[in-house]
Amino acid sequence: MPQTKPIVSIENVVASASVDQKMDLNEITRNFPDVEYHPDQFPGLVFRLKSPKTATLIFTSGKMVCTGAKSEEMARSAVKSVVQKLRKGGIKVKKDAVVDIQNIVASINLGGKIHLEQAARTLPRSMYEPEQFPGLIHRMLDPKTVILLFSSGKLVCTGAKKEPDVYRSVNNLHSLLEEKNLMIYD
Amino acid sequence: RLRTWDSRSQVHEPVDRNFRQAFSELDRLKDKLALSDAVIEKTAYIYRKALDKGLVRGRSIPGLVAAALYAACRNTETPRTLTDVANGINIKRKDVARCYRLLLRELDLKMPVVDPIKGVARIASIADLSEKTKRKALEFLKEASRIEVSAGKDPMGLAAAALYLACVMLGENKTQKDIAQAAGVTEVTIRNRYKGLKEALKL
DNA sequence: ACTTTACTTTCGAAAGC
DNA sequence: GCTTTAAAAAGTAAAGT
């Protein structure tokens, strides 16, 4: 059993969504002065919400990408909120959006320091290049996530599609680090 | 010499053309970066593996040659930075780094962790530092890695700071700027690492 | 020297070059 | 591969006071 309970904080959730109908991005731009739309630069229109603080990309296909939410639920409600605002702003949207969570990013504190160099030698599928980045990059197979490890004992987990996968990844790694005596607790 | 290359150099199939093209690039680098035959040999070996795995498709040959060369340097503990290699072939460091990561992932290469000690000699010779200072810096770095103050830090920044610390301790008059330039890091980095080393080594 | 801003790494989707 | 979005980790860098 791990000696400490990791503190996990979900920092960002990326969700894709679709209202299954063509959208007129120029019309949205006219009705919503705050949106950003530069088709030369990028095909998506940026629709920002103050709360939850998110940015939703809207494409002419009716597909969307919502980023910045702090939870799966928050991402779903952000998309609902965007569709609601579009309707209030005179944009016809027939169906409600179908939302899929695509990625969850979390920061973690294991509560003890990590022997980074030794971890680099013992963890499979890992890369440690301090000349390029201070963290050790580890690819976990199940759940399929990528975890960045820092000597401070803090981590970043990304690639998960479900919140439980974040916790499973962290617990798997935490156990592995303790098994191999790569943790330092004070 | 360069058997990997010579063994097929007579045959004119596309793969060998690619290989020949890639290595005309490498010949220029050998002198520019003062590389040993062993490193060139290893580069050829790694590049051949990448070629066999089809990693070269749609990617820039110079980028992969640079990445294979950097991998060979790392593998043989030859102290050359990513920046050295990138500047040598005149490609962006970021592109070489991306190709290098690709090689590590796809070829399952395991590299030794860079030891800051490997950078001391070069910085010392460019900055014209004494043998005594060099020895002292080596001591500092050994102790630093033992107590893990080096984790996550740029090896060149650590080596530069250790040399600067040794200069201060032994009274060799060298500015942070001199050493920073020789190491290819900023004075700010030397200052930060210097501070960290002094505290960690209780000096 | 100090602060602020910004860039490095990881991830995924979107449409199109 | 690139373009755009957001977010954390810790290190390095550059600019402004």
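Note that the structure is a prediction, hence the values are computed from the model and not measured.

**A few points about the protein's contact with DNA strand D**
Step number 1: Around DNA strand D there are 29 residues in total, and N12, R48, K53 and S152 of chain A together with T189 of chain B lie nearest to it.
Step number 2: For DNA strand D, the fraction of protein-proximal atoms (within 4 Å) that sit in sugar or phosphate groups is 74%.
Step number 3: In this structure, a phosphate oxygen belonging to DNA strand D sits 3.0 Å away from a side-chain N or O atom of K153 of chain B.
Step number 4: One of the side-chain nitrogen or oxygen atoms of T189 of chain B is found 2.3 Å away from a phosphate oxygen of DNA strand D.
Step number 5: Top contributing element to the surface near DNA strand D by residue count: strand β1 (residues 7–18) of chain A, with three residues.
Step number 6: Classifying every residue of the surface near DNA strand D by side-chain character gives eleven nonpolar, eight polar and ten charged.

**A short note on the interface of chain A and chain B**
Step number 1: Each partner contributes residues to the interface: chain A has 20 residues there, and chain B has 20 residues.
Step number 2: Across the interface of chain A and chain B, roughly 1600 Å² is buried in total on both sides, 48% from carbon and sulfur atoms.
Step number 3: Here chain A and chain B share two salt bridges between them.
Step number 4: A salt bridge links R93 of chain B to E131 of chain A, with the nearest nitrogen and oxygen atoms 3.7 Å apart.
Step number 5: Taken together, the connections running from chain A to chain B amount to eight residue pairs in polar contact (both at pLDDT 80 or more).
Step number 6: Put simply, the parts of the chain that give the side of chain A that touches chain B at least two residues each are α3 (116–122) and β7 (126–128) of chain A.
Step number 7: Residue contributions to the side of chain A that touches chain B peak at five residues, all from α3 of chain A.
Step number 8: The class makeup of the residues in the side of chain A that touches chain B is nine nonpolar, five polar and six charged.

**Some thoughts on the layout of surface pockets**
Step number 1: As a volume, the largest pocket reaches approximately 400 Å³.
Step number 2: Taken together, 18 residues make up the lining of the largest pocket; nearest its centre are R125, S126 and M127 of chain A together with L109 and K110 of chain B.
Step number 3: If you list the elements that add at least two residues to the lining of the largest pocket, you get α3, β7 and β8 (136–140) of chain A together with α6 (93–106) of chain B.
Step number 4: Among the residues making up the lining of the largest pocket, the classes are represented as ten nonpolar, one polar and seven charged.
Step number 5: Estimated volume of the second largest pocket: approximately 180 Å³.
Step number 6: What lines the second largest pocket is E131 of chain A together with T81, T83, D84, R93, R122, D154, M156, A183, G184 and V185 of chain B.
Step number 7: The residue inventory of the lining of the second largest pocket, partitioned by class, reads three nonpolar, three polar and five charged.

**What about the nonpolar core?**
All names here are of chain A.
Step number 1: Core analysis: the largest hydrophobic core is formed by 54 residues, its most contacted members being M23, F47, I58, L86, L149 and L177.
Step number 2: With six residues, the top contributor of residues to this core is helix α2 (residues 72–88).
Step number 3: The two domains that each donate at least three residues to this core are domain 1 (15–101) and domain 2 (110–184).
Step number 4: Once you skip the residues sitting within four places of it in the chain, M23 turns out to touch I28, I58, F59, T60, G62, L86, I91 and V93.

**Notes on the packing of helix α4 (residues 61–75) of chain B against helix α5 (residues 82–89) of chain B**
All names here are of chain B.
Step number 1: It is at 10 Å that the axes of α4 and α5 come closest, and there the two elements cross at 145°. Where α4 crosses over α5, the two elements pack in a sense that is right-handed. Residues P62, V65, A66, L69 and Y70 of α4 form the contact with α5, whose participating residues are L82, V85 and I89.
Step number 2: Per-class residue counts for the contact of α4 with α5 are eight nonpolar, no polar and no charged.

**Re unusual backbone geometry**
Step number 1: The step from S51 of chain A to P52 of chain A runs through a cis peptide bond, and the omega angle for that step is 0°.
Step number 2: Within the secondary structure layout, P52 of chain A lies in the loop between β2 (45–49) and β3 (54–58).
Step number 3: The omega angle of the peptide bond from D142 of chain A to P143 of chain A is 0°, so this bond is cis rather than trans.
Step number 4: Structurally, P143 of chain A can be placed in the loop between β8 and β9 (145–149).
Step number 5: A positive phi angle, close to 65°, is found at N90 of chain B, a residue other than glycine.

**As for the protein's contact with DNA strand C**
Step number 1: Around DNA strand C, 23 residues are found, and the nearest of them are V14, S61, N103 and R139 of chain A together with R191 of chain B.
Step number 2: For DNA strand C, the backbone makes up 68% of the atoms found within 4 Å of the protein, where backbone means sugar plus phosphate.
Step number 3: Residue S61 of chain A places a side-chain N or O atom 2.6 Å away from a phosphate oxygen belonging to DNA strand C.
Step number 4: Secondary structure elements with two or more residues in the surface near DNA strand C: β4 (63–69), β5 (98–109), β8, β9 and β10 (154–160) of chain A together with α6 of chain B.
Step number 5: For the surface near DNA strand C, the element with the highest residue contribution is β5 of chain A, accounting for three residues.
Step number 6: Tallied by class, the residues present in the surface near DNA strand C amount to eleven nonpolar, five polar and seven charged.

Parameters and conventions
- Residues numbered from 1 in each chain as written.
- Chains lettered and ligands numbered in written order.
- Predicted model: local features only at pLDDT ≥ 70, side-chain atom pairs only at ≥ 80, totals over all residues.
- Heavy atoms only, no water.
- Near = heavy atom within 4 Å.
- Polar contact = N/O pair within 3.5 Å; in protein donor to acceptor, adjacent residues only side chain to side chain.
- Helix = DSSP H or I, 4+ residues; strand = E, 2+ residues; numbered from the N terminus.
- Nonpolar A, V, L, I, M, F, W, Y, C, P; charged D, E, K, R; others polar.
- Contact = heavy atoms within 4.5 Å.
- Buried area = accessible area lost by both parts, 1.4 Å probe.
- Salt bridge = Lys/Arg side-chain N within 4 Å of Asp/Glu carboxyl O.
- 1 Å grid on protein atoms, 1.4 Å probe; cavity = no way out; pocket = protein on both sides within 12 Å on 5 of 7 lines; lining within 4 Å.
- Points joined across faces, edges and corners; volume = space filled by probe spheres on them.
- Core = buried A, V, L, I, M, F, W, Y, C linked by side-chain atoms within 4.5 Å.
- Buried < 20%, exposed > 50% of the residue type's maximum accessible area, 1.4 Å probe, protein only.
- Domains from an automatic or database assignment.
- Axes fitted to C-alpha atoms, helices over the stretch in contact; angles between N-to-C directions.
- Left-handed = near helix turned anticlockwise from the far one by under 90°.

All we've got here are geometric facts, nothing functional implied.
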